[in-house]
Structures are given as structure tokens and as C-alpha cells.
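Next come the chains, spelled out residue by residue.
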Amino acid sequence: MEWFDFAVYGFVASIIGAQFFPAGDASSQLLASLAVFGVAFFFRPLGGAVFGYIGDKVGRRTSLALAIIIMSVSTALIGFLPGFASIGLGAPILLVTIRCIQGLSVGGEWTGASTFLVEYAPDRSRGLWASLIAATAALGIVAGSAVVFLLSAALSSEDMASFGWRIPFILALPIGLVGLFMRLKLEDTPVFQEIKKKGDRVNPLQHIRKDDLRNIFIAFAFSSATGTGFYYFATYFVSYLSVTLQFPRPTAILLSMLGLALYAVMCPLAGRFSDRFGRRLSYILGCIGLAVMVVPVFLLMASGEFVLALLGLGLYAIFQSSLTVMSSVTIVEFFPPKIRLTAGAIGYNLGVGPVAGMGPLVAAALVAATGNPLAPAYYLAGLMAVVAIILLKFLPETYKRSLYTEHDEQSRPTDISDSEPVVEVDHK
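Residues numbered from 1 in each chain as written. Predicted model: local features only at pLDDT ≥ 70, side-chain atom pairs only at ≥ 80, totals over all residues. Heavy atoms only, no water.

Student: Explanation requested: the overall build of the chain in the structure shown.
Tutor: Tallying secondary structure elements over the chain gives 18 helices and 0 strands in all. A globule of 428 residues ought to have a C-alpha radius of gyration of about 22 Å, and the chain, at 21 Å, matches this closely. For the C-alpha atoms alone, the extent of the chain along its principal axes is close to 60 × 45 × 35 Å. Here the chain, with 428 residues, has 55% of them falling under the buried criterion. Across the chain, contacts joining residues at least 24 apart in sequence account for 82% of those joining residues at least 6 apart. Just so you have it, the chain exposes about 17,100 Å², and 69% of that area is on carbon and sulfur atoms. Positive and negative charge centroids in the chain, built from 29 and 27 side chains respectively, lie 4 Å apart. (Helix = DSSP H or I, 4+ residues; strand = E, 2+ residues; numbered from the N terminus. Rg over C-alpha atoms; globule rule 2.2 N^0.38 Å. Buried < 20%, exposed > 50% of the residue type's maximum accessible area, 1.4 Å probe, protein only. Contact = heavy atoms within 4.5 Å. Areas by Shrake-Rupley, 256 points an atom, 1.4 Å probe, with all protein chains shown as cover. Lys, Arg positive; Asp, Glu negative; His and termini not counted. Charge placed at Lys NZ, Arg CZ, Asp CG, Glu CD.)

Student: Can you walk me through the pattern of salt bridges in this structure?
Tutor: Should their charged atoms come close, side chains of opposite charge can pair. Overall, the coordinates contain 11 salt bridges when judged by the stated rule. Across the pair arginine 126 and glutamate 333 runs a salt bridge whose closest N-O atoms are separated by 3.1 Å. Here arginine 126 is found in helix α7 (residues 126–154), whereas its partner glutamate 333 is found in helix α15 (residues 306–333), with 207 residues between them in sequence. Residue classification places arginine 126 among the buried residues on the basis of a relative accessible area of 0%. The salt bridge partner of aspartate 212 is arginine 209, with a shortest N-O separation of 3.3 Å. Residue class for arginine 209 comes out partly exposed when judged on its relative accessible area of 39%. (Salt bridge = Lys/Arg side-chain N within 4 Å of Asp/Glu carboxyl O.)

Student: Please explain the confidence of the model for the chain as it appears in this structure.
Tutor: If pLDDT is low for a region, its predicted coordinates should not be looked at in detail. In this model, the chain carries an average pLDDT of 87, and 93% of its residues clear a pLDDT of 70 or more. A low-confidence stretch, residues 408–425 (pLDDT under 50), is modelled with 33 contacts involving residues beyond four sequence positions or located in other chains. (pLDDT = per-residue confidence, 0-100.)

Student: Explain a nonpolar patch on the surface to me, please; I cannot follow it from the model alone.
Tutor: Taken together, the side chains of Val73, Leu77, Phe80 and Leu173 define a hydrophobic patch exposed on the protein surface, amounting to about 360 Å² of accessible area. For the nonpolar patch, the element with the highest residue contribution is helix α4 (residues 60–80), accounting for 3 residues. Summarising the element assignment, valine 73 is placed in helix α4. (Patch = residues over 30% accessible without salt bridge, like charges linked within 9 Å, V, L, I, M, F, W, Y side chains within 5 Å.)

Student: What's the story with the nonpolar core in this structure? I'm lost.
Tutor: Across soluble globular proteins, nonpolar side chains have a tendency to be buried as a group. Counting 111 residues, the largest nonpolar core has Leu95, Phe222, Phe237, Phe298, Met301, Tyr316 and Leu391 as its most contacted members. In terms of residue count, helix α12 (residues 210–244) provides more of this core than any other element does, 15 residues in total. Those residues within four positions of tyrosine 316 in sequence are excluded, and the remaining contacts are Gly229, Tyr232, Phe233, Phe237, Leu290, Val294, Val297 and Leu380. (Core = buried A, V, L, I, M, F, W, Y, C linked by side-chain atoms within 4.5 Å.)

Student: Please clarify how the state of the cysteines should be interpreted in this entry.
Tutor: Disulfides are covalent bonds that connect the sulfur atoms of two cysteines. Evaluated as defined, the whole model comprises 0 disulfides. Cysteine 287 forms no disulfide, and the closest cysteine sulfur to it belongs to cysteine 267, at a distance of 15 Å. (Disulfide = S-S within 2.5 Å.)

Student: How should the environment of phenylalanine 220 be read in this particular structure?
Tutor: Tracing the backbone through its elements, the reader meets phenylalanine 220 in helix α12. Put simply, phenylalanine 220 and isoleucine 346 are 126 residues apart on the chain and 8.2 Å apart in space, counted from C-alpha to C-alpha. Here phenylalanine 220 is in contact with Gly347, Leu350, Gly351 and Val355, once residues within four sequence places are set aside.

Written out as C-alpha cells, the structure is:
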């Protein structure tokens, strides 16, 4: 849901600018629209703390279901908003308000989904199960792009500006039914059931220790790299291919969608690799791989050849899939169960929100300022190199940890038996 909205808003940003910010030329309208889009990133850390608290105190299922329901309803409301011509200044005010609500709900979605899936996963398949989150993020972007692309082909530009742009947002409503189903039908995770059974539910904000603050910083570091790399893939590459490299717009969209489809295929492979060889190795290889390969990837795209550009996107997908999947699983294994969702959501959203959310803007500004089409690649390579050094020094191995027990990050992780679960939970 998050990434479907992400793609839809980006593709119809110029229409939204004209509908809600009619003053000025087309460029200023687009900038105003994208500025509203960016507001959501700054609300993600707060949303992470709020929904993380709910997840640790009330339940993983409740937190995730609420995040999905709020996200789907707020996304659909954008499709029903009257424009500036109807209610004047109230239109952009309502749009900004809804984007703030979306930012709050998004702060609970990724870590909520990660925690829900990973705490249910078999011990030796956590990476594989977590890869579903990363893969469906890409598929959400592909779906959003495809819907807008098909509507643009089927409708005239006048109809698209009048009502067509609203349709993809309204399609978010059925996703809310999934959230409602989760809230009413599914059991909470075995880990949270064990916490309830032992009476260990606490105020997570009051139980974050010094070691947990250190790990929140590490989570901030690796999620900054993960988020920046993914936002390059999800948003910047389309503009880079079409504006900077002069690919026809339909070709740039097709390349982006194919690259993301390849990425979705890579995610389960990255998850299985980490289940076999560990999260630490997978994370560090992903960072070093992108640091080394991002300049060749940009050169392949700059060749102007469709096949070579797709090859470059495929190479990028190999390393980025490792980073994104590791964020999904490591953020869960990293923290003790009683504060897991709160601490993880705060660290993760501080990285992927204000920091990584600025990545595409920084990339575009670097090209504009230097005139060098490789400048964004140098920026990303430098970021990946710095984060790789941080991970080499501070990131512990987590793939053998028990998800049920408290652990000291400085001590040896708890090994999990291949044959027996750590805790027997009645799933009835």
C-alpha cells in the first residue's frame, strides 16, 4: 500500500500541482506538489514511535492493522479531495494534512510488517520470509506505475486531469479491507503471545537502555543507506533516464518497471543467502557491492542502449535487494522483544525518513550544480562506503538469535537449535 501510493503520487504530481496549487507556472506547481509529498517523510519517525508503542504494548497485529487501515483510508481521501477551484486555500491545507497522516501511518507499516512476519517465521527461514516485504514494495511501485500508465493511455489528457488521476488513489480502499481482516481474524505473533503469557508487557519508551540507544543509531545508519539506495531505484532513476539521459519517457518507465521486477525476484534469493551465511555478511556485501558498482551502473545507463541500461539496473538490483531484505529482518532480530517494535521503528524511520527521503533531491541537485551525470553515483558510493565501515565495526551477527529472549548486544547471540523451537506456543 505504501509503495503503490508512492508511485501513484510521483506519476501524477504535475496534475496534483495544477489542481491544488494553481498559482504560478507549471514548474512551481510541480515543486509545490513534491514539497507536500516530502512532508510525509518527516512524520515517519513520530509514526514509528507511536505505532511501535502500540505494537509492543497492545500487540503486533493491532499496530500493523491500524497502520494499514489509516494508510488506505487517507490515500483514498486524496482521490476525493476537492481542488483549489472548489474550496480555495482549504484544498492544499487538506492535502498537507492527509500527507501528514500518511507519514504517521507509514512509520508503522514497514517495521510492523517486518515484525509480524519475522516473529511468525521458522527460525531458519526468517530472511526468506522477510524478503516478501522488500519484494512487494517493488511490486507495489510497479503496480502503481502500471495503473497510472494505463490510465494515461486510455484517457485523454483533459479527462486524466479532470478525474482520471483520482482513480488510483481510490483503489487504496480495498487494501483497507485486508487490514480489517487482519485485525479481526488473524492471531497475534507467537512472540507477543509469550510476552502476554508472562505478563512482560511494559512501556517500551521507558525501557530503552543505553545499549538499545547504541543499536538505534546502528539501525539509523543501515536504514539510511538502504533507504537512499531504494529511493534512487524507486523514484530517481525514472527522472534520470528521461531527463538527464534523454530516454523517451515511456522507455524510461518501462526500464524502471523491469528493473524493479528483477529486484523483486532477487529479494527471496537475498533472504535465503542471509539465512545460510548471516545478516552481517549480507549487509556488508550489499554496501560494498553498491559502493563499487554504482558508477558502472550509471555508465551502463548512460550508454543510451536499452539492453545495457537494463543490465545496469539488474546489477543494481542484486546489491540493493540484499540491503532492503536485511533491513526487514535485522531490525527485528536486533532488539529485545519487549521494546522491539518501538526501538526498531524509531531507528529505521529516522534513516529512511528525513535522511534517505532527501536522496533523490540531493541527486538531482548534484547534477544541476555540477553538470556531471555521474555525481549522484559518487554521492551514493560515498554513503555506502561510510555505512559499510560502521557496520564492519559495530553490527553484530543476529541470524542465530532467539526472538523470545532478552539479549545483551555485547554478548554472544543465543543459538537456535535446528530441531527444536525455543518456546512452545499454542497456536490454537
